Amino acid sequence: MNLSEILSLVKRPGRYIGGEINAYKKPWEEVELRVCLIFPDLYEIGMSHQGLLILYDLLNRSEKILADRCYCPDLDLERYLKDSGKCLFGLETKRPLKDFDILAITLPYELCYSNILTILNLSDIPFLSSQRKDKHFPLILGGGSCSLNPEPVAEIFDAIVIGDGEDIIFEICQKVLTAKKHASSRDELLVELSRIKGLYIPSFFKPLYDKEGSFMGISPLMPGYEKVKKRICPDFSDKRYDIKNPLVPNIRIVHDRLGIEIARGCTRGCRYCQASTIYRPVRERSIEHILELALNGIKKTGWEEVSLLSLSTGDYSGIFELIPRIMDTLVPLRCSVSLPSLRVGTLTPEIMDEIKRVRKTGLTFAPEAGSKRLRAVINKDIQEEDLLETAFTAFRKGWNQIKLYFMIGLPTEDEEDIEALIDLVRKVRAQAKKVKGIKGGVKVTASIGTFVPKPQTPFQWEGQISIDESKRRIEQIKKGLKGHNFQVKWHDPRQSFLEGVFSRGDRRLFYLIKRAWELGTRLEAWTDNLRPDLFERASKELRIDLNGYLKPIKEDAPLYWDHIDSGVKKKFLQLERKRAIEGKITRDCRYFECQGCGVCDFKSIKPVIKEKRKRAIESAQKKYEKKAAPSENKTSFYYKLKYNKVFDARFLGHLDLVRVFHRAISRANLPIVFSKGFHPMPRLSFPDPIPLGIESLNEEAIMELDKGISEREIEERLNRQLPLGIRIKDVSPFKEKPLFKTVEAERHLLLIGTDEHEKLLERLRDFKFKERFEISFFNKKGKKKNIDLREKISRFVKIDDEGIFLFEHEIKNWLIKAKKDLSGQQKLIFEVEINKKNGPNMGIKDIIETVFCLSQKEMAGVRILKW
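Residues numbered from 1 in each chain as written. Predicted model: local features only at pLDDT ≥ 70, side-chain atom pairs only at ≥ 80, totals over all residues. Heavy atoms only, no water.

### A short note on the nonpolar core
Ile172, Leu199, Phe502, Phe661, Met703, Ile714 and Leu718 are the most contacted members of the largest nonpolar core, which totals 153 residues. Ranked by the residues each element gives to this core, the list is headed by helix α6 (residues 168-182), at seven residues. The contact partners of Phe661, leaving out residues within four places of it in the chain, are Leu641, Tyr643, Leu684, Phe686, Leu722, Ile726 and Ile728. (Core = buried A, V, L, I, M, F, W, Y, C linked by side-chain atoms within 4.5 Å. Buried < 20%, exposed > 50% of the residue type's maximum accessible area, 1.4 Å probe, protein only. Helix = DSSP H or I, 4+ residues; strand = E, 2+ residues; numbered from the N terminus. Contact = heavy atoms within 4.5 Å.)

### Let's talk about helix α16 (residues 493-503)
With 10 of its 11 residues buried, α16 lies for the most part within the structure. When α16 is considered as a whole, its buried residues turn out to be Pro493, Gln495, Ser496, Phe497, Leu498, Glu499, Gly500, Val501, Phe502 and Ser503. Where α16 is buried, its residues contact α5 (113-121), β17 (443-450), α15 (467-480), β18 (486-490), α17 (509-519) and α18 (532-542).

### Re the pattern of salt bridges
In total, this model carries 82 salt bridges according to the counting rule given. The partner of Arg264 in a salt bridge is Glu261, and the shortest N-O contact between them spans 2.8 Å. In this structure, the salt-bridge partner of Glu746 is Lys836, at a minimum N-O distance of 3.6 Å. Residue Glu746 is located in strand β24 (residues 745-754), and its partner Lys836 is located in the loop between β28 (826-835) and α27 (844-852); the two are separated by 90 residues in the primary sequence. What you see here is one network of salt bridges that share partners, running through Lys11, Arg12, Arg15, Glu44, Asp74, Asp656 and Arg659. (Salt bridge = Lys/Arg side-chain N within 4 Å of Asp/Glu carboxyl O.)

### A look at α17
In an α-helix, one turn spans 3.6 residues, which is why side chains three or four residues apart end up on the same side. Taken as a whole, α17 has its buried residues at Leu509, Phe510, Leu512, Ile513, Ala516 and Trp517. All buried residues of α17 fall inside an arc of 160° around its axis, so they share one side. For α17, the elements touching its buried residues are α5, α16 and α18. Immediately beyond the C-terminal end of α17, within one or two residues, lies Gly520, with a positive phi of roughly 125°. (Arc of directions from axis to C-beta.)

### Quick word on the sheet that holds strand β6 (residues 199-200)
Strand order in the open sheet made by the six strands is β2-β1-β3-β4-β5-β6, with mixed pairing throughout. The open sheet has two free edges, formed respectively by β2 (65-71) and β6, since each of these has just one partner strand. Pairing between strand β1 (residues 33-39) and β2: seven bridges, direction parallel. From the neighbouring strand, Arg34 faces β2, where its bridge partner is Leu66. With respect to the sheet, helix α3 (residues 50-60) is in contact with β1, β2 and β3 (102-106), its orientation differing from that of β2 by roughly 155°. (Pairing = 2+ DSSP bridges. Axes fitted to C-alpha atoms, helices over the stretch in contact; angles between N-to-C directions.)

These results come straight from atomic positions and should not be treated as a statement about function.
See below:
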């Protein structure tokens, strides 16, 4: 089978087709260096990751470099690739990963480690760096959040970036280019790479153990290369780091919106938070810079929402000025704003008025602990009164759902803290009762996660509670928050257990990961795929005590990550741990005195605060009162669009197709009318959806505009913005909204690649010979239906070469291209006409499968064109 046929068999083929809006398509032969950026999880997660998107855009702006992308395949594609002997590939180039010069793999979280093995295995690349001394293998580069202790997977990588990647990536590329030109060995290249600040070469360090297997420290093997210090990008006001051309996904992703990083770093100093260490110091973008990124991003993507990204968006110094200004910029574009990381106290009534101007996005807060005492332990300086006041204001402003994040198992937590958590959630819900006239349906969600002691944090020496204890505390919270007004969600304690093991693990765990992967573990960050039994089995085989990694660590004991210098001094972490036990708050150095963490040199590395903190003078509500009410009597202009959906577009489901059109209309700047209500949507309607995998030359949609535009201009504007095989072929204006015509018959062209053409023709003859061909099937609603296919199919004939000659040019072109995607020796063409007037209707795929007695795998060799 070829790739096109394989994608016909998987459940979400849109993940693997590439060709997104703003994707770069560089000729392979015209560049000097080829990099594939890899996210070791599914497309839906990876396409939401800012780091990969930044590097993809940054690298592709260099004429010398081609950057492609790859994401971990789901179980079905992995199986089909293995069965067919195909390698995993880059989305844009469709080249095998082993053909690239560099594979840059993100390390976003610990539960993706086994996915790295899947990716390398599907690429015919050995797992260990020591097995890839032959220079024809790509350089395997790592980086990301887990790089502060990459030891469990360190031996996979040739090099690992510690810290920010924007600057260092070009230095790495230049070293690899030079090595290519001089035909340097892999060992020579690694020596050169070790000279780059912030780049960790794992093979230049050796862990030491005593006879009992206790860790004694890590020994540097190259003089002058004893520690690797985190690389820090000093200032994000440099527009080289902007994403100039944001990618627009083909399918719905987890964070399906335009992300704009308004600041990097956080010095609130929550003592459990590893990100606080990774991204210090705080470096803000200016308001003008953010507005420019938002406007450019929406014009180039058509997204309906902008997310202002930061570890603590509410702490952005210009937040009270930014929100009204960005809303004034985006409201005319029907684009909303979400604030994913708000601190209690920063969400003022004025900001609430602003963010609901287009549509109310969700409100989420992270108290993390229920009691004031425990919040002081973790340095979360949140007052209960502020949270309750914010909740009351939100309910009064029309929100009916609030989500609260908490952690269980924090150091010193006791039963009183659990009860305080329950009590706090109830108090938040009780604020709704104080609002006059509020309707029912108000819900507060408590999202519970188990505390994991992370490396390079003040709590790195603490222990982690067991799976059973996590479950007990979660059950206690669930019992305390019963009723339809509350919802309790929780992170699976079994996943937290594995996360804890790998976050503080050593190199011995690679063999555990490898063995569990061999036993079948895959994509364990997804609860449905989680198999802790396989890790338990692997640990017993290898005699590795997983619980030992979760025990408390003595402060004077050597740590597996001591050779990784995050910039934050160990003495500072120890001091913060002492202050936690004492219940003392450490103040944020952005607004108060330097706390001496050690990251800043106050020359090039220092906090970058762009704005003076001040409140907005005027609320959005007052702005509304000044504006005249918009007229409701505008004339609407209706247009019927006829379009093709062929080739790779057949891998888009109906809802994904609708989103593609919505965003194309936005990018084309067409004045579409929006619906009213809580969640305004563009007025664009489609008839019955075309099934996934079916192609068509005759699809329709009806679009409503508030301004008349020529048909030709609409066609040209949309065709410049539509991706893949979607093309407008005709636009017709109407004074009133037209109706879709009732379809009495559907014509399809079948193209079948087969090595058994005589058998197929014989089955067709058998079908046509029978007077009745009764079968049972289940319709879309799951109801069993009976149907006579001989009555439903009015025409089913094989088309010979003379018949093809009579087809119009558009169909001939489709046949030429489609034949190249089929692997069978014989290409058979059939014309099928289905009567849709009477009785239940059966899908064209099911009809073909029934008439020709084809298996699912054989159906991959069938192309179906509706015309």
